[in-house]
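Chain by chain, the residues run as shown.
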Amino acid sequence: MSRRVKVPALKELMVQVAEADNDKQNALLGSLLVLATFVTVCNAQCFVIPHENIPGNLPNECKDLDGVTHPMNSKWKTKSCQECSCDQHGISCCNAVAIPADYDTTKCEKIFNEKTCSYKVVERNDPEKTCPVSGWIM
């Protein structure tokens with residue numbers, strides 16, 4: 001035996017389903033926006049220095065661009081604030097400094113502190129005043 005559903009009740013049900021779908025779509029779009037922001041912000045500047053390939057010779061250390069050797073499986077920070085590591089593939093280094101990217105470049109300037117490996121953005125005419133920064137690059 002078939003059951004009849006009143007049209008107003010069916011319409012109400014369809015509206016509730018559509019609203020639930022909109023909530024899910026909004027949540028998905030919000031999540032994608034957050035993910036896209038992190039991918040943009042976390043675009044690290046990295047490079048690799050591979051080992052010299054010598055047949056039959058397994059490396060037990062790495063030599064950096066300054067000629068300094070580092071033990072296998074070691075980690076260090078360079079003078080230019082890069083975090084590096086030595087493994088069986090060679091040396092991997094990544095920038096460890098957040099660089100200010102979105103600020104008023106006509107009114108303000110960025111100043112790098114080598115001791116803390118960080119930037120601050122200050123007014124050109126009054127370096128005691130900091131400037132707002134709305135975007136950083138890693």
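The preceding data block contains the structure.
Residues numbered from 1 in each chain as written. Predicted model: local features only at pLDDT ≥ 70, side-chain atom pairs only at ≥ 80, totals over all residues. Heavy atoms only, no water.

## Some thoughts on the nonpolar core
Okay, step 1: Ranked by size, the top nonpolar core spans seven residues in total: Ile49, Cys62, Trp76, Cys84, Cys86, Ile91 and Cys93.
Okay, step 2: Elements with a minimum of two residues in this core: strand E5 (82–87) and strand E6 (90–95).
Okay, step 3: Ignoring any residue separated from it by four or fewer positions in sequence, one finds Ile91 in contact with Phe47, Val48, Ile49, Cys62, Lys63, Asp64, Trp76, Cys84 and Ser85. (Core = buried A, V, L, I, M, F, W, Y, C linked by side-chain atoms within 4.5 Å. Buried < 20%, exposed > 50% of the residue type's maximum accessible area, 1.4 Å probe, protein only. Helix = DSSP H or I, 4+ residues; strand = E, 2+ residues; numbered from the N terminus. Contact = heavy atoms within 4.5 Å.)

## Observations concerning the sheet that holds E5
Okay, step 1: Strand order in this open sheet of four strands is E1-E6-E5-E4, and the pairing throughout is antiparallel. Every other strand in the sheet has two partners, leaving strand E1 (46–50) and strand E4 (75–77) as the edge strands with one partner each. The mean angle between the axes of side-by-side strands here comes to 20 degrees, regardless of whether they run parallel or antiparallel.
Okay, step 2: As judged from the five bridges shared by E1 and E6, these two strands associate in the antiparallel manner. Its bridge partner lying in E6, Phe47 is registered against Cys93. (Pairing = 2+ DSSP bridges. Axes fitted to C-alpha atoms, helices over the stretch in contact; angles between N-to-C directions.)

## Description of the state of the cysteines
Okay, step 1: Evaluated as defined, the whole model comprises five disulfides.
Okay, step 2: Between Cys46 and Cys94 runs a disulfide, and the two sulfur atoms are separated by 1.9 Å. Around the S-S axis, the bridge from Cys46 to Cys94 shows a dihedral of about 110 degrees and counts as right-handed. Highlighted residues: Cys46 in strand E1 and Cys94 in strand E6, separated in sequence by 48 residues.
Okay, step 3: Note on Cys46: relative accessible area 44%, which makes it partly exposed.
Okay, step 4: The cystine pairing of the protein chain, numbering bonded cysteines in sequence order, is 1-7, 2-5, 3-9, 4-6, 8-10. (Disulfide = S-S within 2.5 Å.)

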